[in-house]
Amino acid sequence: MKVMGLSGIRTTVFKDLKCGDVFFFIKDFVDGGLSQDSHIYMRCGHTGTDKSAVNLKTGICYRFEDKEPVELLEATVNIKPLK
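Calculation notes
Residues numbered from 1 in each chain as written. Predicted model: local features only at pLDDT ≥ 70, side-chain atom pairs only at ≥ 80, totals over all residues. Heavy atoms only, no water. Core = buried A, V, L, I, M, F, W, Y, C linked by side-chain atoms within 4.5 Å. Buried < 20%, exposed > 50% of the residue type's maximum accessible area, 1.4 Å probe, protein only. Helix = DSSP H or I, 4+ residues; strand = E, 2+ residues; numbered from the N terminus. Contact = heavy atoms within 4.5 Å. Phe/Tyr/Trp six-rings, centres within 6.5 Å; stacked < 30°, edge-to-face > 60°. Salt bridge = Lys/Arg side-chain N within 4 Å of Asp/Glu carboxyl O.

Visitor: I tried to follow the nonpolar core on my own but got confused; where do I start?
Guide: Generally speaking, soluble globular proteins have nonpolar side chains that are buried together. With 9 residues, the main nonpolar core is built from Phe-14, Leu-17, Phe-23, Phe-25, Tyr-41, Ala-53, Phe-64, Val-70 and Leu-72. Counting residues per element, the ones that place at least two in this core are strand S3 (22-25) and strand S9 (69-75). Once you skip the residues sitting within four places of it in the chain, Ala-53 turns out to touch Phe-14, Phe-23, Tyr-41, Met-42, Arg-43, Cys-44, Ile-60, Cys-61, Tyr-62 and Phe-64.

Visitor: Looking at this structure, how should I read the packing of aromatic side chains?
Guide: A ring pair, where both rings are aromatic, is described by two values, the distance of the centres and the angle of the planes. Within the structure shown, the criterion is met by 9 aromatic pairs. Judged by centre distance (5.3 Å) and plane angle (70°), the ring pair of Phe-25 and Tyr-41 falls under edge-to-face. Taken together, the positions of Phe-25 in strand S3 and Tyr-41 in strand S6 (residues 41-44) put the pair 16 residues apart, joining distant regions of the chain. You can call Phe-25 buried: its relative accessible area is 3%. Ring plane angle 45° and centroid distance 6.3 Å describe the contact between Tyr-62 and Phe-64, whose orientation is recorded as tilted. The class of Tyr-62 is partly exposed, set by a relative accessible area of 35%. Ring pairing ties together the aromatic residues Phe-14, Phe-23, Phe-25, Tyr-41, Tyr-62 and Phe-64, which thus form one cluster.

Visitor: Looking at this model, I keep getting lost on the pattern of salt bridges. Mind explaining?
Guide: Pairing of side chains with opposite charge becomes possible as their charged atoms draw close. As enumerated under the stated definition, the model contains 1 salt bridge in all. One salt bridge in this structure joins Lys-51 and Asp-66, with 3.7 Å as the shortest N-O distance. Here Asp-66 lies in the loop between strand S8 (61-63) and S9 and Lys-51 lies in the loop between S6 and strand S7 (52-55), a separation of 15 residues in the sequence. For Asp-66, a relative accessible area of 27% translates into the label partly exposed.

All quantities given are derived from atomic positions and should not be read as evidence of function.
Here it is as structure tokens:
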């Protein structure tokens, strides 16, 4: 997966994200960049109170804590057809 986009200083917590917001966890940001183990997520869910996000690399959904610090990304997701 190739992720290209712009990151501004827009740190917030997980509970403040809206469905469709793309983000990474602040704890994954080390030495001015994302660590090798970091992941990019998109907030999803059936309701505003559903605290889940999908890992954009694996497609697996996870539930997260309300107060987990995150960094919003301005991102464009391009979905390519399977070959």
